[in-house]
Amino acid sequence: MRHVQLDALIPAEQATTVFDSVRRWERYPDLAPHVNKTTVHATYPEKNASSSWELHFRSGLLRWTEDDVFAPERGEIRFEQSDGDFDSFTGTWTVTQRGDDVTVRFDADFDFGIPSLEGILDPIAERVIQETVAWALTGLFPTTRLSGDVDLTEPAAVGA
């Protein structure tokens with residue numbers, strides 16, 4: 001099982017605004033170069049929300065459909081793959097007000113279920129997922145400050 005994490009600070013913003021923007025999956029193809037396509041089947045306030053994703057991955061596409069659970073009162077979005085290329089894929093977005101600023105934390109765990117290829121596939125998938133979240137946040141909120149070692153200077157590396 002591989003873990004992906006990204007922490008970000010969005011200065012001078014409101015958590016409700018950030019939460020409402022982050023959950024707009026249909027915008028992600030315009031925000032993140034790795035995202036080929038998103039289809040929102042149902043979204044907040046629907047109880048049974050779901051979305052389908054296609055990300056550029058290696059020389060093809062990484063596809064999955066996820067069940068999405070939105071809890072704005074906790075600033076939390078949970079997702080779990082219901083169908084797709086991963087053996088398992090689950091995660092959480094957490095949006096928290098910190099004074100005048102907002103913190104966003106993205107955590108996900110995935111497994112392709114192919115032990116012989118995990119050394120090749122997992123690091124690439126981890127990078128693509130992390131960069132997708134980073135591109136989306138910085139696209140939605142240009143003043144976003146990312147923690148860690150995320151390099152968004154080469155969108156041409158989408159298929160690598």
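About the cut-offs
Residues numbered from 1 in each chain as written. Predicted model: local features only at pLDDT ≥ 70, side-chain atom pairs only at ≥ 80, totals over all residues. Heavy atoms only, no water. Helix = DSSP H or I, 4+ residues; strand = E, 2+ residues; numbered from the N terminus. Rg over C-alpha atoms; globule rule 2.2 N^0.38 Å. Buried < 20%, exposed > 50% of the residue type's maximum accessible area, 1.4 Å probe, protein only. Contact = heavy atoms within 4.5 Å. Areas by Shrake-Rupley, 256 points an atom, 1.4 Å probe, with all protein chains shown as cover. Lys, Arg positive; Asp, Glu negative; His and termini not counted. Charge placed at Lys NZ, Arg CZ, Asp CG, Glu CD. Polar contact = N/O pair within 3.5 Å; in protein donor to acceptor, adjacent residues only side chain to side chain. Pairing = 2+ DSSP bridges.

Undergrad: Help me understand the overall build of the chain in this model?
TA: Along the backbone of the chain there are three helices and eight strands. Reading the chain from its N terminus to its C terminus gives the helix and strand order β-α-α-β-β-β-β-β-β-α-β. At 15 Å, the chain has a C-alpha radius of gyration in line with the 15 Å of a compact globule built from 160 residues. Along the longest, intermediate and shortest principal axes, the C-alpha atoms of the chain span 45 × 35 × 25 Å. For the chain, with 160 residues in total, the buried portion stands at 44%. Once local pairs closer than 6 in sequence are excluded, the contacts in the chain between residues at least 24 apart make up 52%. Of the roughly 8100 Å² of accessible surface on the chain, 46% is carried by carbon and sulfur atoms. Measuring between centres, the 14 positive side-chain charges of the chain sit 3 Å from its 28 negative side-chain charges.

Undergrad: How should the side chain of histidine 34 be read in this particular structure?
TA: Position of histidine 34 among the secondary structure elements: in the loop between α2 (28–31) and β2 (35–42). A polar side-chain atom of histidine 34 sits 2.7 Å from a polar atom in the side chain of glutamate 131.

Undergrad: Is there a simple way to think about unusual backbone geometry in this case?
TA: Residues apart from glycine generally show negative phi values, whereas peptide bonds are mostly found in trans. Backbone torsion omega between tyrosine 44 and proline 45 reads 15°, so that peptide bond is classified as cis. For proline 45, the position within the fold is in the loop between β2 and β3 (49–57). The backbone of alanine 12 sits at a positive phi, close to 50°, despite the residue not being glycine. Tracing the chain through its elements places alanine 12 in the loop between β1 (2–10) and α1 (15–22). The phi dihedral of arginine 58 falls on the positive side, at around 55°, and the residue is not glycine.

Undergrad: Is there a simple way to explain the pairing of strand β4 (residues 60–71) in this structure?
TA: Along any regular strand the residues' side chains alternate between the sheet's two faces. In the sheet, β3 pairs with β4 via nine bridges, with the strands oriented antiparallel. Counterpart to tryptophan 53 in the pairing with β4 is tryptophan 64. Following β3, the chain reverses through two residues before pairing antiparallel with β4; arginine 58 in that reversal takes a positive phi of roughly 55°. With eight bridges joining them, β4 and strand β5 (residues 76–84) adopt antiparallel strand pairing. Within β5, the position partnered with aspartate 68 by the bridge is phenylalanine 79. Linking β4 to β5, which pair antiparallel, is a turn of four residues; within it glycine 75 sits at a positive phi near 65°.

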